Structures are given as structure tokens and as C-alpha cells.
Amino acid sequence: MIAARLLAAVLAAGLACAAPAHAQTVTTRSETAAPGKVKRLVISPNLKKDCSTGPLPEIKIVTAPKNGQLQTKSGKLKTPSSYRCPSKEAQAAAVFYKSRSDFSGTDQVLIDVKTADGVVERQDIRITVEAAKADDKKADDKKSDAKKDEKKDDKDLSDL
């Protein structure tokens, strides 16, 4: 009986000392991608709410896609003028999706992003992979040829 009371007291003390659980922000959104083409899903700069720099955001893949693959990259960018910290140079972490080339349909990923402020944001992204139309394929071929002529810095995420 004494052992049971002691165990109950230890458990109660442990629960009293535990840190409170923080609510997690969950964002659900949809994206459209072409089969076998790379699509940027997430980009998160290392800027805090006050626009000062902080640590590089941490990205955790909670649920991987069933019909494609994800790749994470880090690099630098200049924030767009519409961003809360406009035209600011920053380091950023990004997630890219690429479906199987023979796939069309829906896919889904679940990603946790720990921002520079330390807040964890969960992103539930529903991806619709649509087969490209014949006109789109011709335009993509022209773009692809033009990009081959350019030398592109792989670390610059601003135009990906």
C-alpha cells in the first residue's frame, strides 16, 4: 500500500513538473503539379516576426508522399515585396516535390516547419498531379532548352 502511494506521488509530481503542451498551427492547402516535374511546396526564411535573422528553419517530413518524392534544400533568397519583411536577404529552407513520371491523381504530404521564432507549423499539403496538355508540353520543351543555356546557382531558391 505504501509503495502504491509512493508511486502515485511520484507520478503526480512528474506531471506537475512537465512543461505545458504548446498548440500547433496546422495549415491545409492544395497544390497542382505536372507528372515528373519538380514543384516547390514550402519555403521558409530564417526571419523572425520582427524581421531579424534567426536560425535556419528546421523541416521534418511527417508523412512522405505515396506517389512521388520530396527533397529539402537550403540556400539564400531575397524576400518579395509582398512579404512581411520585404526585399530582405535571408537564408531559407525549402521542400520540393516530384511525382513519378507516369502518375496522375492526388498525393499528400505532412510537413512540420520549425520557424526562426521556434514555432512549429504543420503543413498538410494535398497535391493534384495532372497530366500536361500537348500545348503545355511544347512550351515546357522551349523553356527547358532556354534553361540549358543559362548557368543557374543551385543554392539560390528565389526562382525555384
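As a reminder, the structure under discussion sits directly above these lines.
Nothing here was measured: the structure is a model prediction, and the numbers come from that model.

Student: Please give an account of the sheet that holds strand E1 (residues 25-33) that cites residues and values.
Tutor: Read from one edge of the open sheet, four strands run E1-E7-E6-E3, paired in mixed fashion. Sheet topology places E1 and strand E3 (58-63) at the edges, where each strand pairs with a single neighbour. Averaged over all adjacent pairs, the angle separating strand axes in this sheet is 25°, with direction ignored. With five bridges joining them, E3 and strand E6 (residues 105-114) adopt antiparallel strand pairing. Of the residues in E6, the one forming a bridge with Thr 63 is Leu 110.

Student: Before we move on, can you summarise the nonpolar core with the specific residues and values?
Tutor: In terms of nonpolar packing, the biggest core is built from twelve residues, these being Ala 33, Leu 41, Val 42, Val 95, Tyr 97, Phe 103, Val 109, Ile 111, Val 113, Ile 125, Ile 127 and Val 129. Among the elements of the structure, strand E2 (38-45), strand E5 (89-99), E6 and strand E7 (120-129) are those that each provide at least two residues to this core. Excluding its chain neighbours within four sequence positions, the residues that come into contact with Val 113 are Val 42, Ser 44, Pro 57, Glu 58, Ile 59, Val 119, Val 120, Glu 121 and Gln 123.

Student: Tell me about the side chain of Ser 99, and name the residues and values.
Tutor: Relative to the helices and strands, Ser 99 is located in strand E5. Taking relative accessible area as the criterion, Ser 99 reaches 4% and is therefore assigned buried. There is a polar contact of 3.1 Å between the side chain of Ser 99 and the backbone nitrogen of Gly 36. Non-local contacts of Ser 99, meaning those with residues more than four positions away in its chain, are made with Ala 34, Pro 35, Gly 36, Lys 37, Asn 67, Gly 68 and Val 129.

Student: Got a sec to walk through unusual backbone geometry? Specific residues and values, please.
Tutor: A positive phi angle is found at Cys 51, which is not glycine, with a value near 75°. As for its position among the elements, Cys 51 is in the loop between E2 and E3. You will see that Ser 87, though not glycine, has its phi angle at about 50°, which is positive. Looking at where Ser 87 falls in the secondary structure, it is placed in the loop between strand E4 (68-78) and E5.

Student: Which residues make up the sheet that holds E2, and what are the values?
Tutor: Spatially, E2-E5-E4 is the arrangement adopted by the three strands of the open sheet, whose pairing is antiparallel. Bordering the open sheet on either side are E2 and E4, each of which pairs with just one other strand. Geometrically, the sheet is characterised by an average inter-axis angle of 25° between neighbouring strands, direction not taken into account. Pairing between E4 and E5: eleven bridges, direction antiparallel. Opposite Lys 76, over in E5, you have Gln 91 as the bridge partner.

Student: Please set out the packing of aromatic side chains residue by residue, giving values where relevant.
Tutor: Under the defined criterion, the tally for this structure stands at zero aromatic pairs. Seen from the ring of Phe 96, Lys 73 lies directly overhead, with NZ or CZ sitting 5.3 Å from the centre.

Student: Could you give me a rundown of the state of the cysteines, with the residues and numbers involved?
Tutor: Inspection of every chain in the model, using the stated rule, returns one disulfide. In this model, Cys 51 is linked to Cys 85 through a disulfide, with the two sulfur atoms separated by 2.0 Å. Between Cys 51 and Cys 85, the disulfide has an S-S torsion of -90° and is therefore left-handed. Of this pair, Cys 51 sits in the loop between E2 and E3 while Cys 85 sits in the loop between E4 and E5; the two residues are 34 residues apart in sequence, bridging distant segments of the chain. A relative accessible area of 2% places Cys 85 in the buried class.

Parameters at a glance
- Residues numbered from 1 in each chain as written.
- Predicted model: local features only at pLDDT ≥ 70, side-chain atom pairs only at ≥ 80, totals over all residues.
- Heavy atoms only, no water.
- Pairing = 2+ DSSP bridges.
- Helix = DSSP H or I, 4+ residues; strand = E, 2+ residues; numbered from the N terminus.
- Axes fitted to C-alpha atoms, helices over the stretch in contact; angles between N-to-C directions.
- Core = buried A, V, L, I, M, F, W, Y, C linked by side-chain atoms within 4.5 Å.
- Buried < 20%, exposed > 50% of the residue type's maximum accessible area, 1.4 Å probe, protein only.
- Contact = heavy atoms within 4.5 Å.
- Polar contact = N/O pair within 3.5 Å; in protein donor to acceptor, adjacent residues only side chain to side chain.
- Phe/Tyr/Trp six-rings, centres within 6.5 Å; stacked < 30°, edge-to-face > 60°.
- Lys NZ or Arg CZ within 6 Å of the ring centre and 35° of its normal.
- Disulfide = S-S within 2.5 Å.

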